[in-house]
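Chain by chain, the residues:
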There are 2 protein chains.
Amino acid sequence: MKITRLATTAPDFDDSLQTLLHWSEDTDAGIEQAVAGILAEVRAHGDAAVLARTAQFDGVQAASVTELEIPRADLQAAFEGLPADQRLALTTASERVRRYHKAQAEACCQGFEFTDAQGNRLGQQVTPLDRVGIYVPGGKAAYPSSVLMNAIPALVAGVPEIIMVVPTPARRDGSSQGSRGERNPLVLAAAYLAGVHRVFTIGGAQAVGALAYGTATIPRVDKITGPGNAYVAAAKRRVFGQVGIDMIAGPSEILVLADGTVDPSWVAMDLFSQAEHDELAQSILLCPDAAYIDAVAAAMERLLPEMPRAAVIRASLEGRGGLIHTRSMEEACDISNRIAPEHLEVSAAQPRQWLPHLRHAGAIFLGAYASESLGDYCAGPNHVLPTSGTARFSSPLGVYDFVKRSSLIDISAQGAQALGPVADTLAQGEGLQAHARSATMRLA
Amino acid sequence: MKITRLATTAPDFDDSLQTLLHWSEDTDAGIEQAVAGILAEVRAHGDAAVLARTAQFDGVQAASVTELEIPRADLQAAFEGLPADQRLALTTASERVRRYHKAQAEACCQGFEFTDAQGNRLGQQVTPLDRVGIYVPGGKAAYPSSVLMNAIPALVAGVPEIIMVVPTPARRDGSSQGSRGERNPLVLAAAYLAGVHRVFTIGGAQAVGALAYGTATIPRVDKITGPGNAYVAAAKRRVFGQVGIDMIAGPSEILVLADGTVDPSWVAMDLFSQAEHDELAQSILLCPDAAYIDAVAAAMERLLPEMPRAAVIRASLEGRGGLIHTRSMEEACDISNRIAPEHLEVSAAQPRQWLPHLRHAGAIFLGAYASESLGDYCAGPNHVLPTSGTARFSSPLGVYDFVKRSSLIDISAQGAQALGPVADTLAQGEGLQAHARSATMRLA
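Conventions we followed
Residues numbered from 1 in each chain as written. Chains lettered and ligands numbered in written order. Predicted model: local features only at pLDDT ≥ 70, side-chain atom pairs only at ≥ 80, totals over all residues. Heavy atoms only, no water. UniProt positions renumbered as here; feature names shortened; annotations may be inferred. Helix = DSSP H or I, 4+ residues; strand = E, 2+ residues; numbered from the N terminus. Contact = heavy atoms within 4.5 Å. Areas by Shrake-Rupley, 256 points an atom, 1.4 Å probe, with all protein chains shown as cover. Lys, Arg positive; Asp, Glu negative; His and termini not counted. Charge placed at Lys NZ, Arg CZ, Asp CG, Glu CD. Least-squares fit on C-alpha atoms with pLDDT ≥ 70 in both. Salt bridge = Lys/Arg side-chain N within 4 Å of Asp/Glu carboxyl O. Buried < 20%, exposed > 50% of the residue type's maximum accessible area, 1.4 Å probe, protein only. Domains from an automatic or database assignment. Buried area = accessible area lost by both parts, 1.4 Å probe. Polar contact = N/O pair within 3.5 Å; in protein donor to acceptor, adjacent residues only side chain to side chain. Pairing = 2+ DSSP bridges. Axes fitted to C-alpha atoms, helices over the stretch in contact; angles between N-to-C directions. Parallel < 35°, antiparallel > 145°, perpendicular 65-115°, else oblique. Left-handed = near helix turned anticlockwise from the far one by under 90°. Nonpolar A, V, L, I, M, F, W, Y, C, P; charged D, E, K, R; others polar. Phe/Tyr/Trp six-rings, centres within 6.5 Å; stacked < 30°, edge-to-face > 60°. Lys NZ or Arg CZ within 6 Å of the ring centre and 35° of its normal.

An unreviewed UniProt entry lists chain A under the name Histidinol dehydrogenase, with Inhella gelatinilytica given as the organism. In the Pathway (unreviewed entry) part of its UniProt record, chain A is described as follows: "Amino-acid biosynthesis; L-histidine biosynthesis; L-histidine from 5-phospho-alpha-D-ribose 1-diphosphate: step 9/9."

Right, dumping it as structure tokens:
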């Protein structure tokens, strides 16, 4: 396997690193135009447009959008029909994710109010969104874990209604042609377990449009979250402002910061676990120990043939992977901050020693046992994380994404006397005399 | 003055309300194209492009971008040169805004960590952004209060470097042609007082590009906030993803919910204070008392001639204002939630009685003395608020906009044994075998 090797001592290291990291999202004019057309159609014709596009793209014929809703009893049946180990795994994951997000809500989503010396009461009220839409991809990238990770923070936030959309394209062989496409029982079970309120088997830009504008059957939501293909991403960008959206994700990334004390085959497999997502996924190792880097590379060669997704892993690692030899762990931390990775594993004997040096990352995995895959499924924290360096300024999906805040401004008669002249002076300075007058009118 | 009057009892009320609220942002293809060109230029040519565009658009000639930086001593001089009342007003406002945002940081920006039964430690680390850019418009809409409202939350968040850009276009008569355009001393004083680190006299798409990509002289930032014209808004949309941005604001709005107990001339002036911003600003009164609505209308007729900005106020109120007669205060609250206004004044004898009914608003002003203008300048809460109904899903600018969160996932040896099988099952269910293996490798 030919993985890019870099050393920070090389004179052209900065350029090489930039080349390795480079990724630019294609904005395809054809997709943009198609999506604009579909959204306009859904806005104008509602259910009829959704039905027509679902028949066209998913091969699913239905007489009404109501037929495309999955009754809650079917979700429950999907859950109860799962093998016991899957049921237990989903339940364990769901409980852990819920517990974590409850702790998060305590820490970050509290309102406040204080009273100042003039008796003014100032604060902020935190309220959940009224209704949220969750997009869940169908087909090969149908991830039940994503259902939990999107729905649970919204439910913990107190959102009273969650509408999930998931396309169920008909099988190519035509065997599922009709009003039912192919449904993924794990996805439906996850929706049941999380407590999603309604599920429609629609997808693509038409589903995003239906959630953003509302139709006769599908209620308009206030925010749409969840991953999707290029059409879904383009549609989410276009409806932003009409509704809230989460971040549009780029390729998934892992960065392992290794001090050379952890079994190299564990690190090799962690790099694989990112690489197996798709060919654009990025796996990078930063380590000050050249012999250890060789050991990880050797473990990768040894383990690759055992992997069912070996072809994707190889393509991803050869195309976008990197093994970077650093002068020190401190320097490795600096480079990690520059990259601001989605997933950061601190694979070190004393991992917390490095935490104060690490400023930017979606999730930080500490120690030999904290493999990214535990975080992806069941540790508790959210697996929807900022990609492509956006951890410099954005955060994991969380309860805070499903609430909003209103400032509370309660001014006493005394407060109006004290603040009126201040507002008057500043408003006059900005040439806004009605603002000034509105303050001075209230002076005794 | 001809202001739209509606009554909720009218059969076509819903349609009329929708017509009143309708506002669509023009996306001007010419502006889009110009902005794309300027951004590409700044990305490719850095300082040189910034200088060329600043000369072209602002009439300011400079040999280097360094010449366009205002030294901190000049900011201090601007502050010290202000009349005493302006200095005091700015200082009072700044202290109150700082105090409020410190309370906000306590309530919403704390990290957390807990340990579960298996000894896993899970939590979240909250860290400030490294560097933030603040856009401050020059010319007629130069608002020193905006400098405070954008800079102070960032500083309270712990952002170590704030770069402000403010265009200083040369006077039309050519008297300020050269390397210095027209500077607004209140804006510079506010920057000094807030503690902005560096100020460059550049503006437009070229300033947004410089902040997003960095140039030899202007450092790249992680987030850009602050209002601007259509070019600035288009540029911010385009660089989003490369850097974070705040919401793109629509026209400003006030909604007054009145029970008829407050002096009608106070409410009239509050409606004016919104209307005087520009012709697209929206002022709406909701009230169950028809006689009181008449009294407010009469007060407006009486007060309008006294207002220096009477022409703007009239155009705004006649074009987009509304006086809405409701069946009850409860119904008024429902309509307010549907509108999700930027500013909501509860002009009532017992304003807190209505608070539990109010779900969506940028800022809620409680009681007769809480005029919007106090909130705009000096009450303490932020005056950058969600517009055009986006309070359904978004929040005032706050300390939370200048921090980001990293999940912390610290798994014990025991935890890996408990969680490994769960991750294994779910990963197999998703067809991701390297994820599964990465978890099972760590089983004893």
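1. Regarding the overall build of chain A
Regarding its fold elements, chain A presents 16 helices and 15 strands. Over its C-alpha atoms, taken along the principal directions, chain A stretches across nearly 80 × 60 × 45 Å. Taking the contacts inside chain A whose residues are at least 6 apart along the sequence as the reference set, 75% of them involve residues at least 24 apart. With the model as given, the accessible surface of chain A reaches about 15,700 Å², and the carbon-plus-sulfur share is 50%. When the 36 positive and 48 negative side-chain charges of chain A are each reduced to one mean point, those points stand 5 Å apart.

2. Some points on the relation of the copies chain B and chain A
Each copy of the sequence occupies a distinct position, and chain B is placed on chain A by a rotation of 180° and an axial shift of 0.0 Å, giving an RMSD of 0.0 Å. Here the two chains are linked by the operation of a two-fold rotation axis. Closest approach to the rotation axis within chain B is made by the C-alpha atom of Cys108(B), at a distance of 2.0 Å. The fraction of interface residues of chain B whose copies in chain A are also interface residues reaches 100%, indicating that both copies meet through the same surface.

3. Some words on the pattern of salt bridges
On inspection of all chains with the given rule, the structure shows 38 salt bridges over all chains. Taking the shortest distance from any N to any O, the salt bridge between Arg442(B) and Asp270(A) comes out at 2.7 Å. Placement of the pair is Arg442(B) in the segment after helix H16 (433-440) and Asp270(A) in helix H10 (residues 264-275), with the two residues belonging to separate chains. Summarising the burial analysis for this pair, Arg442(B) and Asp270(A) share the class buried.

4. Some remarks on the domain arrangement of chain A
All names here are of chain A. Taken domain by domain, chain A comprises domain 1 (4-25 + 251-379), domain 2 (29-114 + 126-245) and domain 3 (411-440). Measuring from the centre of the C-alpha atoms in domain 1 to the corresponding centre in domain 2 gives 32 Å. Counting residues at the interface gives 7 residues for domain 1, matched by 6 residues for domain 2. Regarding the contact of domain 1 and domain 2, the summed buried area is about 520 Å², with carbon and sulfur atoms giving 45% of it. Viewed at the interface, domain 2 and domain 1 are joined by 0 salt bridges. Our count for the contact surface shared by domain 1 and domain 2 stands at 2 residue pairs in polar contact (both at pLDDT 80 or more).

5. A look at the sheet that holds strand E13 (residues 343-347) of chain B
Read across the sheet, 9 strands follow the order E3(A)-E4(A)-E15(A)-E14(B)-E13(B)-E10(B)-E11(B)-E12(B)-E1(B) without closing on themselves; strand pairing throughout is mixed. In this open sheet, the two edge strands, each paired with only one partner strand, are strand E3 (112-115) of chain A together with strand E1 (4-7) of chain B. Shown here is a sheet whose adjacent strand axes are inclined to one another by a mean of 20°, direction ignored. Sheet contacts for helix H1 (residues 13-21) of chain B: E1, strand E11 (282-287) and strand E12 (322-325) of chain B; angle to E1(B), the most-contacted strand, approximately 145°.

6. Here's the deal with the UniProt feature "binding site: Zn(2+)" (unreviewed entry) in chain A
As annotated in UniProt, the feature "binding site: Zn(2+)" (unreviewed entry) corresponds to Gln274(A), His277(A), Asp376(A) and His435(A) in the numbering used here. Look at the named residues: they lie 162 residues apart in sequence, and the longest C-alpha span between them is 56.0 Å, so in the fold they stay spread out. The buried category is assigned to Gln274(A), whose relative accessible area is 0%. Excluding residues within four positions of it along the chain, Gln274(A) makes contact with Ser252(A), Glu253(A), Ile254(A), Ala281(A), Gln282(A), Ser283(A), His343(A) and Glu372(A). As for its placement among the helices and strands, His277(A) is situated in the loop between H10 and strand E11 (282-287). Residue class for His277(A) comes out partly exposed when judged on its relative accessible area of 21%. What His277(A) contacts, discounting residues up to four positions off in sequence, is Tyr143(A), Ser252(A), Arg309(A), Val312(A), Leu432(B) and His435(B).

7. A short note on helix H9 (residues 230-239) of chain A
Residues and elements named next belong to chain A. Listed as buried for H9 are Val232, Ala233, Ala234, Ala235, Lys236 and Val239. Of the surrounding secondary structure, the elements contacted by the buried residues of H9 are helix H2 (29-45), strand E5 (131-135), helix H8 (204-213), strand E8 (223-225) and strand E9 (244-245). You can read the cap of H9 off the contacts: a side-chain oxygen lies 3.0 Å from the backbone nitrogen of Tyr231, and it is on Asn229. Gly241 occupies a position one or two residues after H9 and carries a positive phi of about 115°.

8. Observations concerning the packing of helix H15 (residues 413-429) of chain A against helix H5 (residues 84-108) of chain B
Two elements in contact, H15(A) and H5(B), have axes whose closest approach is 9 Å; the angle formed by their N-to-C orientations is 115°. Classified by the interaxial angle, the pair formed by H15(A) and H5(B) is roughly perpendicular. H15(A) and H5(B) meet at a crossing whose hand is left-handed. Only Asp85(B), Gln86(B), Ala89(B), Leu90(B), Thr92(B), Ala93(B) and Arg96(B) of H5(B) make contact with H15(A), whose side of the interface consists of Leu419(A), Val422(A), Thr425(A), Leu426(A) and Gly429(A). In terms of residue class, the contact of H15(A) with H5(B) is made up of 6 nonpolar, 4 polar and 2 charged.

9. Section: the sheet that holds strand E2 (residues 69-70) of chain A
Residue and element names in this part refer to chain A. One open sheet accounts for 6 strands, arranged E2-E7-E6-E5-E8-E9; its pairing is mixed. Each end of this open sheet is capped by a strand with a single partner; those strands are E2 and E9. Judged from the 5 bridges that link them, E5 and strand E6 (residues 161-165) form a sheet pairing that is parallel. Across the sheet, residue Ile134 finds its bridge partner in E6, namely Met164. Where helix H6 (residues 144-157) meets the sheet, it contacts E5, E6 and E8, and its direction lies at approximately 165° from that of E6. Where H9 meets the sheet, it contacts E5, E8 and E9, and its direction lies at approximately 160° from that of E8.

10. Structural notes on the environment of Pro144(B)
Note on placement: Pro144(B) falls in helix H6 (residues 144-157). Using a relative accessible area of 2% as the deciding quantity, one classes Pro144(B) as buried. When the C-alpha atoms of Pro144(B) and Asn184(B) are compared, they prove to be 8.7 Å apart, with 40 residues separating the residues in sequence. Those residues in contact with Pro144(B) that lie beyond four places of it in its chain are Glu430(A), Leu186(B), Val187(B) and Ala190(B).

11. Some words on helix H7 (residues 185-194) of chain B
All names here are of chain B. Along H7, 9 of the 10 residues are buried, which leaves the element largely enclosed by surrounding structure. Leu186, Val187, Leu188, Ala189, Ala190, Ala191, Tyr192, Leu193 and Ala194 are the residues of H7 that are buried. Measuring from the side-chain oxygen of the N-cap residue of H7 to the backbone nitrogen of Leu186 gives 2.9 Å; that N-cap residue is Asn184. One or two residues past the end of H7 sits Gly195, with phi positive at roughly 105°.

12. Quick look at the packing of aromatic side chains
For the structure shown, the criterion picks out 8 aromatic pairs over all chains. By way of ring pairs, the aromatic residues Tyr100(A), Phe112(B) and Phe114(B) are connected into one cluster. Between Arg405(A) and the ring centre of Tyr400(B), over which it is positioned, the NZ or CZ distance is 4.5 Å.

13. Re the interface of chain B and chain A
At the junction of the two partners, chain B supplies 124 residues and chain A supplies 124 residues. Between chain B and chain A, roughly 10,500 Å² of surface is buried when both sides are summed, and carbon and sulfur atoms account for 58% of that area. Summed over the three residues of chain B that lose the most area to chain A, namely Tyr377(B), Arg392(B) and Arg442(B), the buried surface amounts to 8% of that side. Linking chain B with chain A are 14 salt bridges. A salt bridge links Asp116(A) to Arg96(B); the nearest nitrogen and oxygen atoms lie 2.7 Å apart. Here chain B and chain A share 66 residue pairs in polar contact (both at pLDDT 80 or more) between them.

14. Side note on the UniProt feature "binding site: NAD(+)" (unreviewed entry) in chain A
All names here are of chain A. Following the UniProt record, one finds the feature "binding site: NAD(+)" (unreviewed entry) at Tyr135, Gln206 and Asn229. Despite a sequence span of 95 residues, these residues sit close together in the fold, their greatest C-alpha distance being 12.8 Å. In this fold, Tyr135 is placed in strand E5. Not counting residues within four places of it along the chain, the set of residues in contact with Tyr135 comprises Val165, Pro167, Gly203, Gly204, Ala207, Val208, Thr225, Gly226, Pro227, Gly228 and Val232. Those residues in contact with Gln206 that lie beyond four places of it in its chain are Ile38, Val42, Val50, Arg53, Thr54 and Phe57.

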